[in-house]
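Structure at a glance
Letter by letter, the chains look like this.
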Amino acid sequence: MADSADDLFSLLDLTEYEADALEELLLLGRTTAPDLAEATGIPKARIYGVLDALSEAGYVKVIPGRPKQYEPHEPAAIAERAVENRRHAYERFREDVEAVEEAFVDEYTPVRDRGVDELSPTEDLFHVVDVGEPSEQETRRLFRDAAEAVYVLSKSFGYIDAVRPAIRNAVDRGVTVDVLLLHPDSLSPDNRQRQAEIRELLANEFPSVTVRVSDRMLPWRGTFADPSLSYESGQGLLMVEQEEVPNHHRQAAVTENPSFVAGMWQYFDLLWRHESVPADPDPSASDTVRE
């Protein structure tokens, strides 16, 4: 079965601007940086850095001249170079790990050898990470590791750009993704507009993802995967509502405790079934939650 030609872009580890530029170059052939900026909407202040990155990755060649022009390599060559880039990155990573592996094992094996009885209930239940890149990294991991379903409970899903490739990976593997957001009427004007943009993005880019909105205030936000009411599986990440605390001072709890994840899912399911309605991706539409 043939997959979409666009699927390769999600595998190249490109930024959104880089992916847009490469796709447009493949359609246009050879062009200048200003013309490409105009065609793609990429800011002119950013277009040269985007093209330099694509050139360094081996996807685009630079044609000297006044002005310089840029031309994509053949699609087959781009695919081959992508594999080669990943192979080189893996080899560098393996060498870096091997260089410190012995010291790492010597340092931490005594700690990991503690008996289960020595672990506190809190240690067994969850560990914490900072909100921001660490929590986004954990969220990406949940999407990548999910076998059946991922559930997202969020005010507006404002961090979606940081996890879009992981969502694509999960959706392409047939993982069910349900997203429950706070009703727009409960958001500030800026957050309301941002949420509308995200809902439209989800509808256009991930049509299999189901999105609902709830006017019930959400005391916590989080993402959790593969919950089981028999307590056999499940991982999750959550944070409590702390509007007065800036993000760089906040922490999120990461858990692999199946019982805890099952409880998170039951709370989510109650809101999903009884306190929410389908989200309309149209920013001008108004959602109403039934009493």
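To keep things clear, this report deals only with the structure shown in the data block. Quick caveat: nothing in here was measured; it's all calculated off a predicted structure. (Residues numbered from 1 in each chain as written. Predicted model: local features only at pLDDT ≥ 70, side-chain atom pairs only at ≥ 80, totals over all residues. Heavy atoms only, no water.)

**A short note on the packing of helix α2 (residues 33–40) against helix α3 (residues 44–56)**
Two packed helices can be described by the angle between their axes and the distance between those axes. α3 packs onto α2 with a crossing angle of 110 degrees between their chain directions and a minimal axis gap of 9 Å. When the axes of α2 and α3 are compared, the pair comes out roughly perpendicular. For α2 against α3, the interelement crossing comes out right-handed. Seen from α2, the contacting residues are A33, P34, L36 and A37; seen from α3, they are K44, I47, Y48 and L51. Residues that form the contact of α2 with α3 fall into these classes: seven nonpolar, no polar and one charged. (Axes fitted to C-alpha atoms, helices over the stretch in contact; angles between N-to-C directions. Helix = DSSP H or I, 4+ residues; strand = E, 2+ residues; numbered from the N terminus. Parallel < 35°, antiparallel > 145°, perpendicular 65-115°, else oblique. Left-handed = near helix turned anticlockwise from the far one by under 90°. Contact = heavy atoms within 4.5 Å. Nonpolar A, V, L, I, M, F, W, Y, C, P; charged D, E, K, R; others polar.)

**Overview of unusual backbone geometry**
The step from R66 to P67 runs through a cis peptide bond, and the omega angle for that step is 5 degrees. Turning to its location among the elements, P67 is positioned in the loop between β2 (60–63) and β3 (69–72). Its identity as a non-glycine residue notwithstanding, D226 has a phi of 55 degrees, on the positive side. Residue position: D226 is located in the loop between β8 (220–225) and β9 (235–240). Despite not being glycine, Y231 shows a phi value in the positive range, around 60 degrees.

**Details of α3**
Over its 13 residues, α3 runs 19 Å from end to end, which matches the ideal 18 Å to within 8%, given 1.5 Å per residue. Turning to α3, its buried residues are I47, V50, L51 and L54. Angular distribution of buried residues about the axis of α3 spans 95 degrees; they occupy a single face of the element. The exposed residues of α3 that point more than 90 degrees off its buried face are A45 and E56. Tucked into the core, α3 has its buried residues touching α1 (16–28), α2, β2 and β3. Positioned one or two residues after α3, G58 has a phi angle of 90 degrees, which is positive. (Expected span 1.5 Å × (residues − 1). Buried < 20%, exposed > 50% of the residue type's maximum accessible area, 1.4 Å probe, protein only. Arc of directions from axis to C-beta.)

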